[in-house]
Amino acid sequence: MTNTQIPVVVSGATGKMGREIIKAIAQAPDMYLVGAIGRKHIGEDIGEVIGIGELEIPVTDNLEVVLAQASQESQLPVMVDVTHPSIIYDNIRSAIAYGVRPVVGTTGLSEQQIADLAIFADKASTGCIIAPNFSVGVILMQQAAIAAAKYFQHVEIIELHHNQKADAPSGTAIKTAQMLSELGQSFNPALVDEKEHLTGARGATYGENIRIHSVRVPGLVARQEVIFGAMGETLKIEHNASDRTCYMAGVLLCVRKVLALKSLIYGLEKLL
Ligand SMILES: NC(=O)C1=CN([C@@H]2O[C@H](COP(=O)(O)OP(=O)(O)OC[C@H]3O[C@@H](n4cnc5c(N)ncnc54)[C@H](OP(=O)(O)O)[C@@H]3O)[C@@H](O)[C@H]2O)C=CC1
Ligand SMILES: O=C(O)C1=N[C@H](C(=O)O)C[C@H](O)C1
């Protein structure tokens, strides 16, 4: 540890994303791990748990104690959270209250919760990044979809994930639909009087009629397809995450960028 390194707490340390993030932090010369929050392997060294050798950081389930220690240790601590929709709102509030800057990968926050957290971060003048997707490839997919939307009136989103995912639709699909919605154009005009014979067959609807379909099967990490249609043609823009290492460059970028922020940012695209 040196004075210029960023101290990072990882919440959800023993989960699929948390493990990758700890490996990435251990290899980043400008950051070091100060806390590992999890529910399993309590008291065990997180480095040993994830198979990279001792890091001298025991897993604990007490987020508040770790946040307090991190804020005493340095003026610029960061918390990376990859946990669960049921606890993420409170985790972010706790981090900000302790002056620890949250970098949030956890999905499932409502638009209202994000708006409330933005006010909270503003009042505390504390940076916070909520990134439903840390992959640069996903941001490029979203930007390509925005470009295509200018020429297509019909669009549907299909997101496919592993079947251990807690939330549906994915945070990425919601963000993509939101970006398309913000263009102010209306999509998918009804051409027939449609009837769903099985509820949900036509997916969920976001904003002005943007459809989102969620698929959950083992064997997948994450995939999203944005399908546009017009007379006589379709255009499919697809991103495929085959390994969670694809998120790590984005995570490290957010850890570095959050230090200079004084408010909440929603979406990695705002930092690229
Ligand atoms: N922004 C992005 O680019 C990405 C975001 N994600 C998001 O990150 C989050 C985590 O994903 P993933 O790593 O796959 O999930 P995992 O289930 O593998 O890991 C979640 C971690 O959070 C812990 N946890 C879950 N529920 C609770 C709870 N109620 N209280 C305390 N701890 C809890 C788990 O503990 P335990 O092991 O004991 O259950 C585990 O350590 C999800 O919201 C997912 O959508 C995922 C990939 C990329
Ligand atoms: O749970 C996951 O795995 C993922 N969650 C994020 C989401 O909900 O968009 C990001 C990525 O799709 C992987």
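Conventions used here
- Residues numbered from 1 in each chain as written.
- Chains lettered and ligands numbered in written order.
- Predicted model: local features only at pLDDT ≥ 70, side-chain atom pairs only at ≥ 80, totals over all residues.
- Heavy atoms only, no water.
- Helix = DSSP H or I, 4+ residues; strand = E, 2+ residues; numbered from the N terminus.
- Contact = heavy atoms within 4.5 Å.
- Core = buried A, V, L, I, M, F, W, Y, C linked by side-chain atoms within 4.5 Å.
- Buried < 20%, exposed > 50% of the residue type's maximum accessible area, 1.4 Å probe, protein only.
- Phe/Tyr/Trp six-rings, centres within 6.5 Å; stacked < 30°, edge-to-face > 60°.
- Lys NZ or Arg CZ within 6 Å of the ring centre and 35° of its normal.
- Axes fitted to C-alpha atoms, helices over the stretch in contact; angles between N-to-C directions.
- Parallel < 35°, antiparallel > 145°, perpendicular 65-115°, else oblique.
- Nonpolar A, V, L, I, M, F, W, Y, C, P; charged D, E, K, R; others polar.
- Near = heavy atom within 4 Å.
- Polar contact = N/O pair within 3.5 Å; in protein donor to acceptor, adjacent residues only side chain to side chain.
- Areas by Shrake-Rupley, 256 points an atom, 1.4 Å probe, with all protein chains shown as cover.
- 1 Å grid on protein atoms, 1.4 Å probe; cavity = no way out; pocket = protein on both sides within 12 Å on 5 of 7 lines; lining within 4 Å.
- Sits in = over half its atoms within 2 Å of the grid points.

Caption draft 1: A look at the environment of F187. Residue placement: F187 occurs in the loop between α7 (171-181) and β8 (204-206). Expressed as a C-alpha distance, the spacing of F187 and F152, which sit 35 residues apart in the sequence, is 8.3 Å. Residues contacting F187, with those up to four places away along its chain left out, are A149, F152, Q153, V155, L180, E208, N209 and I210.

Caption draft 2: Main features of the nonpolar core. Residues I21 and I46 are the most contacted members of the largest nonpolar core, which totals 40 residues. Going through the elements one at a time, β1 (6-11), α1 (16-27), β2 (31-37), α2 (46-49), β4 (78-81) and α8 (248-258) are the ones with two or more residues in this core. When residues of this core are assigned to their parent elements, the largest contribution, 6 residues, is made by α8. The residues contacting I21, other than those within four sequence positions of it, are V10, V80, V82, M248 and V251. Counting 18 residues, the second largest nonpolar core, distinct from the first, contains A149, Y206, I210 and F228.

Caption draft 3: Spotlight on the packing of aromatic side chains. On inspection of all chains with the given rule, the structure shows 1 aromatic pair. Aromatic side chains F152 and F228 sit 5.6 Å apart centroid to centroid with 45 degrees between the ring planes, which places their arrangement in the tilted category. Of this pair, F152 sits in the loop between α6 (136-149) and β7 (154-161) while F228 sits in strand β10 (residues 222-230), placing them 76 residues apart in sequence. One exposure class covers both F152 and F228, and it is buried. Directly above the ring of F120 sits R93, whose terminal nitrogen or CZ lies 3.8 Å from the centroid. Looking at K175, its charged tip hangs above the ring of Y266, at a distance of 4.8 Å from the centre.

Caption draft 4: Spatial organisation of the packing of helix α4 (residues 85-97) against helix α5 (residues 111-124). Contact geometry of α4 with α5 gives a least axis separation of 10 Å together with a crossing angle of 5 degrees. Taken together, α4 and α5 sit at an angle that is classed as roughly parallel. Facing Y89, I92, R93, I96 and A97 of α4, the residues of α5 in contact are Q113, D116, L117, F120, A121 and A124. The residue inventory of the contact of α4 with α5, partitioned by class, reads 8 nonpolar, 1 polar and 2 charged.

Caption draft 5: Representation of the site of ligand 1 in the model. Around ligand 1, the structure places 21 residues, and the nearest of them are K16, M17, R39, T107 and F134. M17 places a main-chain nitrogen or oxygen 2.8 Å from an oxygen atom of ligand 1. Bound to the protein, ligand 1 loses 81% of the 920 Å² it would expose on its own. Because more than half of its atoms lie within 2 Å of the grid, ligand 1 is assigned to the largest pocket. Elements represented by at least two residues in the shell around ligand 1 include exactly α1 and α4. Of the residues in the shell around ligand 1, the class split is 7 nonpolar, 10 polar and 4 charged.

Keep in mind these numbers describe shape, not what the thing actually does.
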